[in-house]
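One-letter residues, chain by chain:
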Amino acid sequence: MATLVSEMVDLASRFPGVVSADTRPGYSGWMVNKDNLVEVATALRDEFGFELLSNVCGVDYFPDKMEVVYEAYRTTGGPGLRFKVQVARLDPMEVPSVTPVWPGAEFQEREIWDLYGIRFTNHPDLRRILMWEGFAGHPLRKDWHEPFYEEDNKPLDSRWPRGKYASAEEKNIYKDNLQFPQNFDPQEVRIDGEAPLYDTLQKYTTIDAGIKTDRVIVNMGPQHPSTHGVFRAAVVLDGETIVSLKPVMGYLHRNHEKIGERNTFLQNMPYTDRLDYFNSMSNNWGYSLAVEKLMNIKVPERAEYLRVIMAELSRIQNHLILIGMLLNDLGAFFTPALYAFEERELILDIFEAASGARMMCNYHRFGGVSRDLPAGVLEKIKGLVDERLPRKADEFDRFLSENEVLLARLKGVKVIDADDAVRYSITGPVLRASGVPYDVRRAQPYGIYDRFDFDVALRHNGDLYDNYLIRLDEIRQSIRIVQQAVKQIPEGPINSQKPAYQVRVPAGEAYGRIEAPKGELGFYVVSTGKPNPWRYHVRAPSFVNITALEKMCVGTKIADFVAILGVIDIVLGELDR
Amino acid sequence: MYGKGIIKGLGVTLKRFVDTYLDDIAWWGRRYYNPEGIAHRSSKDARGVFTVQYPEEKLPVPEEFRYVPFLVYDEKPDGKKEIRCTSCGICAKVCPPQCIWIVRTNDPQTGRPVPEPAEFYIDADICMNCGFCAEYCPFDAIIMDHDYEIASYQRNVFNMEKLLKPASYYKSIRPLNYALNEEARKAKEAARAARAEAAGRS
């Protein structure tokens, strides 16, 4: 049914002369005239019901065009709608911002400005986001080359057949990975990278009964134990209450997407492990889903079951760690976290036996998985999901859910309500805790999720306590799925393709998305038929969910900021990419 | 009642403490420093303390465990080492961080390439242990190792001397995979012999 409804969306006849179908072979969606973008976007949201803008990314069609690609979805489920805006590849490039329609596009548009140099007019705060202020150039452009650039694409000739290689530190006399713009003069450097950041914060002074009060700016991070990595938030405080907040990120930025475009399709697989390093099994899935769509290949039954088992086990351990670490953030120093690590340890043992590594699993291949389960591992999984994990989930529930410290800190502290969550493109448990039953596994089932009997976990208050409880709910639902999967798993081949180190991917575009433990994880891949992807974009749930951080935190206490950041569940490998 | 949660929480820790000793008694002396005990402690039935006393105790690694690869050579009866690698370069081409580079051998007389590497390097500091080289090697010449204790004070660029390990070592760390590979090799050789025979007859 859902497909039919989506096919009825005929934008070309609704907006004659403004919208046309994208007719390039292998492409789909709509081309929108740049000047009418906001008008079309408003209609999409209000008339057609595409409330959730999931993905915004740029593509550089060197040498003549740049493109911005949008993916919007209905929160009632069904396939999405893709529309694009093209601009001539001449600086300055300008595209109207869609933040008035979907505020969730704010960070993604900043990212495009940062990495592609497309300006978004009417954007509330267009600064660089992953690179630092003062960085020269826009690194995802095809004509931008990194230090020690060798070739556009791997494999590099220097390794084979030439067999000559010099490491970076041998090439640079400063023994460092540095590149300076032309005519760079260190004498003239003025370090004012922080000024634009502080300018965006609301600083104000009040004079109350003759007493002048200044607000304090506190930098939480980058080296702060509660930020789960190198993440920083510049916060303006009134007493203990947060008045204004701006997240600062990019400390772990390695331009994952540029690396991805240098890599061959297969070489990207282990790199996806490093995004959300807690859940490499689900990251693999998102990427293989996108490439399998492009290649138009099927996955054998057994491999589908293996994928489900691994992805759900990975969700269980992710949520366990979240609960443990949340208590850590609340001050229960490491005891609950380590109890959660015990169960995780058992799950990682399974990953290690199946894939060869505990965290960097690299388990999926296009058309299946890399290895079958060794003898005895299925019994281990059964033992875990039938006996130990349900018991442990109940134990967490019994000991924590009624704990008065937890209740006092979590209950009634608003994170976000349903309307705002959708407007800000939040996905995953945080969205569901605010009362929107949106789960990609049900909304647009991928793999074999339509076969399993499970409920979309849902809570209604959108406070910290619900965000904690929904993790327990999801653990229980995931256990249910794995229980069914280990019963039903058939024998058979694990890959429909012949093992090949170089895969042929037909030209076109594809967007693969899955319900990762942290939210919707999407991969937008463009192939030109060559061995390397032309565009490889990761729609990271951590990155998009953090867009609403200011919205969530303003008005709460500084101590709650730590808990809110804890339940949003960010991981910096994915946030900074 | 205030304080109940805290008492409950302390109870959890106390229970863990008691469980550890109960498990110790049940396993009377075999819980630590022996493979069975370690296996028990990392199973679903483990109670109490979970930790393994590294480096005195080590968790056994599963067969599929992968760490920085090594090169396999066959030991011939006359004591000669026969390197399986033919320097075809597939491992170098598939390597995601491009940490493998190979110098090929050329015949001194004809100048043509000989299927044997002159030099073979792996920068173990760049290697991401993905296992692609071993997975796609057509000659089972490069295999992922189990030896994960390679910390050092300098950059770990492994040359052939460091990389070469005998096939018997491969057999000892990955018996199942080794058996499968040997079977496939024998089948291939038999097929080749049959083909040669057929060609000779005709």
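Residues numbered from 1 in each chain as written. Chains lettered and ligands numbered in written order. Predicted model: local features only at pLDDT ≥ 70, side-chain atom pairs only at ≥ 80, totals over all residues.

**Some details on the overall build of chain B**
Just so we agree on the cut-off: Comment: elements are numbered from the N terminus, with helices defined as DSSP H or I runs of at least four residues and strands as E runs of at least two. Throughout, the radius of gyration refers to the C-alpha atoms, and the reference size of a globule is 2.2 Å times the residue count to the power 0.38. Think of it this way: build a C-beta for each residue from its backbone, and any pair within 7 Å is a contact.
A count of helical and extended segments in chain B gives seven helices and seven strands. Starting at the N terminus, the α and β elements of chain B follow one another as α-α-β-β-α-β-β-α-β-β-α-β-α-α. Relative to a compact globule of 202 residues, whose C-alpha radius of gyration would be 17 Å, chain B shows 25 Å and is clearly more extended. Its C-alpha atoms put chain B at 90 × 45 × 35 Å along the principal axes. Of the contacts formed within chain B by residues at least 6 apart in sequence, a portion of 64% connects residues at least 24 apart.

**Some points on the interface of chain A and chain B**
To keep it simple, the criterion reads: Three categories are distinguished: nonpolar for Ala, Val, Leu, Ile, Met, Phe, Trp, Tyr, Cys and Pro, charged for Asp, Glu, Lys and Arg, and polar for the others, with Gly belonging to the last.
Contact residues are listed per partner, giving 41 residues for chain A and 34 residues for chain B. Among the secondary structure elements, those contributing two or more residues to the side of chain A that touches chain B are helix H8 (268–273), helix H11 (335–355), helix H12 (377–400) and helix H13 (404–410) of chain A. Per element, the largest residue contribution to the side of chain A that touches chain B is eight residues, and it comes from H11 of chain A. Residue composition of the side of chain A that touches chain B, grouped by class: 18 nonpolar, 12 polar and 11 charged.

**With respect to the packing of helix H10 (residues 301–330) of chain A against helix H20 (residues 558–568) of chain A**
Residues and elements named next belong to chain A. This is how the line gets drawn: Lines fitted to C-alpha atoms define the axes here, with helix axes fitted over just the stretch in contact, and angles between the N-to-C directions of these axes take values from 0 to 180 degrees. If an angle is under 35 degrees, it is roughly parallel; if it is over 145, roughly antiparallel; if it lies from 65 to 115, roughly perpendicular; otherwise it is oblique.
Relative to each other, H10 and H20 sit at 170°, their axes nearing to 9 Å. Classified by the angle between their axes, H10 and H20 sit roughly antiparallel to one another. Contacts between H10 and H20 involve Met325, Leu326, Asp329 and Leu330 on the former and, on the latter, Val562, Ala563, Gly566 and Val567. Looking at the contact of H10 with H20, its residues break down into six nonpolar, one polar and one charged.

**Some words on the sheet that holds strand S10 (residues 216–220) of chain A**
Residues and elements named next belong to chain A. Definition in use: Pairs of strands are assigned from DSSP output, requiring at least two bridges between the strands.
Here we have three strands laid out as an open sheet, ordered S10-S11-S12, and antiparallel in their pairing. In this open sheet, the two edge strands, each paired with only one partner strand, are S10 and strand S12 (241–248). Ignoring strand direction, the axes of neighbouring strands in this sheet form an average angle of 20°. Judged from the seven bridges that link them, strand S11 (residues 232–238) and S12 form a sheet pairing that is antiparallel.

**Quick notes on the confidence of the model for chain B**
In plain terms, the rule: In predicted models, pLDDT denotes the confidence assigned by the predictor to each residue on a 0 to 100 scale.
On average, residues of chain B score 87 in pLDDT, and 99% of them are at 70 or above. Scoring the predicted complex yields pTM 0.89 and, for the interface, ipTM 0.89.

**Concerning the sheet that holds strand S6 (residues 157–158) of chain B**
All names here are of chain B. With antiparallel pairing, the three strands of this open sheet are ordered in space as S3-S4-S6. The sheet is open, and its two borders are formed by strand S3 (100–106) and S6, each paired with just one other strand. By the bridge criterion, two bridges tie strand S4 (residues 113–123) to S6 in an arrangement that is antiparallel. Bridging from a neighbouring strand, Ile122 pairs with Phe158 of S6.

**Examining the environment of Tyr271 of chain A**
The condition is simple: Field definition: a residue is buried when 20 or more other C-beta atoms are found within 10 Å of its C-beta, exposed when 12 or fewer are, and partly exposed for counts in between, with C-beta atoms placed from the backbone.
Topologically, Tyr271 of chain A is positioned in helix H8. Among the residues examined, Tyr271 of chain A registers 24 C-beta atoms within 10 Å and is labelled buried. With 88 residues separating them along the chain, Tyr271 of chain A and Met359 of chain A place their C-alpha atoms 12 Å apart. If we ignore the near neighbours within four places in the chain, the residues touching Tyr271 of chain A are His256, Ile259, Gly260 and Asn263 of chain A together with Pro96 of chain B.

**Looking at the pairing of strand S17 (residues 533–539) of chain A**
Residues and elements named next belong to chain A. With six of seven residues buried, S17 is to be regarded as a mostly interior element. The sheet contact formed by strand S16 (residues 519–527) and S17 spans six bridges and is antiparallel. Across the sheet, Gly522 pairs through a bridge with Arg539, a residue of S17. Between the antiparallel neighbours S16 and S17 lie five residues, among them Gly529 with a positive phi of about 90°.

**What to know about the confidence of the model for chain A**
In the predicted model, chain A carries a mean pLDDT of 87, and 95% of its residues have values of at least 70. Low pLDDT, under 50, characterises residues 1–6 of chain A; the predicted model gives this stretch eight contacts beyond four residues in sequence or across chains.

**Topic: unusual backbone geometry**
Peptide bonds are trans in most cases, and residues, glycine excluded, mostly fall at negative phi. Here the residue pair Trp160 of chain A and Pro161 of chain A is connected by a cis peptide bond, since its omega of 10° sits within 30 degrees of zero. Residue Pro55 of chain B is bonded to the preceding Tyr54 of chain B through a cis peptide linkage, with omega at 0°. Position of Pro55 of chain B among the secondary structure elements: in the loop between helix H2 (35–41) and strand S1 (67–75). The backbone phi angle of Asn122 of chain A is positive, close to 70°, even though this residue is not glycine. Even without a glycine there, the phi angle at Ser87 of chain B is positive, about 50°. Note on placement: Ser87 of chain B falls in the loop between strand S2 (81–83) and helix H3 (90–94). Residue classification places Ser87 of chain B among the buried residues on the basis of 24 C-beta atoms within 10 Å.

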